[in-house]
Amino acid sequence: PVCAHDMSLGELIYFPVQAKGLQLAILAEASGLEWTGFTVDKSPAGPKSWPAIKASGASPFGQLPMLRTPGGRVVGQSVAIANYIAHRASMHGAGDDDFALSQMCLAEGEDLYSLLLGAELARWKPREV
């Protein structure tokens, strides 16, 4: 019998911006596996409080995104989370060449993202006047 735990990716947690968390949510949805998620807020306390989550040490490296797996592991870093999702959903390709191509495209995506860092993509930070 298949356990519900085997059909779930876990809980994805990120900031309320369309940056590195967005592609992970899209990948999680495309996986066909069950998943949940939420965006953190700036409140000083509560289950969605980024200051509280960060202070608790629950977030690897003090950063987001993070994924809480059904087995209790907390995975940080978007590339690691993407690879975890792809592994769980058998999305790495049909063979070694497909896997290499997927990793190459993932690395290029990281390069492109780094080029966008200079652009303000969100209203998470207050504007400087």
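Look above for the structure.
Description of the structure in this document.

What counts and what doesn't
- Residues numbered from 1 in each chain as written.
- Predicted model: local features only at pLDDT ≥ 70, side-chain atom pairs only at ≥ 80, totals over all residues.
- Heavy atoms only, no water.
- Helix = DSSP H or I, 4+ residues; strand = E, 2+ residues; numbered from the N terminus.
- Buried < 20%, exposed > 50% of the residue type's maximum accessible area, 1.4 Å probe, protein only.
- Areas by Shrake-Rupley, 256 points an atom, 1.4 Å probe, with all protein chains shown as cover.
- Pairing = 2+ DSSP bridges.
- Axes fitted to C-alpha atoms, helices over the stretch in contact; angles between N-to-C directions.
- Contact = heavy atoms within 4.5 Å.
- Right-handed = clockwise from strand over helix to strand, strands pointing away.
- Core = buried A, V, L, I, M, F, W, Y, C linked by side-chain atoms within 4.5 Å.

### A few points about the overall build of the protein
Right, so step 1: Of regular secondary structure, the protein possesses 4 helices and 4 strands.
Right, so step 2: When the 129 residues of the protein are sorted by exposure, 29% land in the buried category.
Right, so step 3: About 8500 Å² of surface is accessible on the protein, with carbon and sulfur atoms providing 59% of the total.

### What about the sheet that holds strand 2 (residues 34-39)?
Right, so step 1: Taken in spatial order, the 4 strands make up an open sheet running 2-1-3-4, and their pairing is mixed. Strands at the two margins of the open sheet, each flanked by one partner only, are strand 2 and strand 4 (74-76). Strand-to-strand twist in this sheet, taken as the mean axis angle between neighbours without regard to direction, amounts to 20°.
Right, so step 2: Taken together, the 3 bridges between strand 1 (residues 8-14) and strand 3 (residues 66-68) define a ladder with antiparallel strand orientation. Its bridge partner being in strand 3, Ile-13 is matched across the sheet by Met-66.
Right, so step 3: Along the sheet, helix 1 (residues 20-31) makes contact with strand 1 and strand 2, crossing strand 1 at roughly 165°.

### Quick look at the pairing of strand 2
Consecutive side chains of a regular strand alternate in pointing toward one face of the sheet and then the other.
Right, so step 1: With 6 bridges connecting them, strand 1 and strand 2 associate as parallel partners. Residue Tyr-14 lies in a different strand from strand 2, and its bridge partner there is Thr-39.
Right, so step 2: As for the winding sense of the linkage, the β-α-β connection from strand 1 through helix 1 to strand 2 is right-handed.

### With respect to the nonpolar core
Across soluble globular proteins, you tend to see nonpolar side chains buried next to one another.
Right, so step 1: Listed in full, the 12 residues of the largest apolar core are Leu-9, Leu-12, Leu-24, Ala-28, Leu-33, Leu-67, Val-75, Ile-81, Ala-82, Tyr-84, Ile-85 and Ala-89.
Right, so step 2: Looking at this core, the elements with two or more residues in it are strand 1, helix 1 and helix 3 (78-88).
Right, so step 3: Take this core: its biggest share by element is 4 residues, from helix 3.
Right, so step 4: Those residues within four positions of Leu-9 in sequence are excluded, and the remaining contacts are Ala-28, Ser-31, Leu-33, Glu-34, Trp-35, Leu-67, Arg-68, Thr-69, Pro-70, Tyr-84, Ile-85 and Arg-88.
Right, so step 5: Formed by 11 residues, the second largest nonpolar core is a distinct cluster that contains Ala-19, Val-40, Leu-64 and Met-66.

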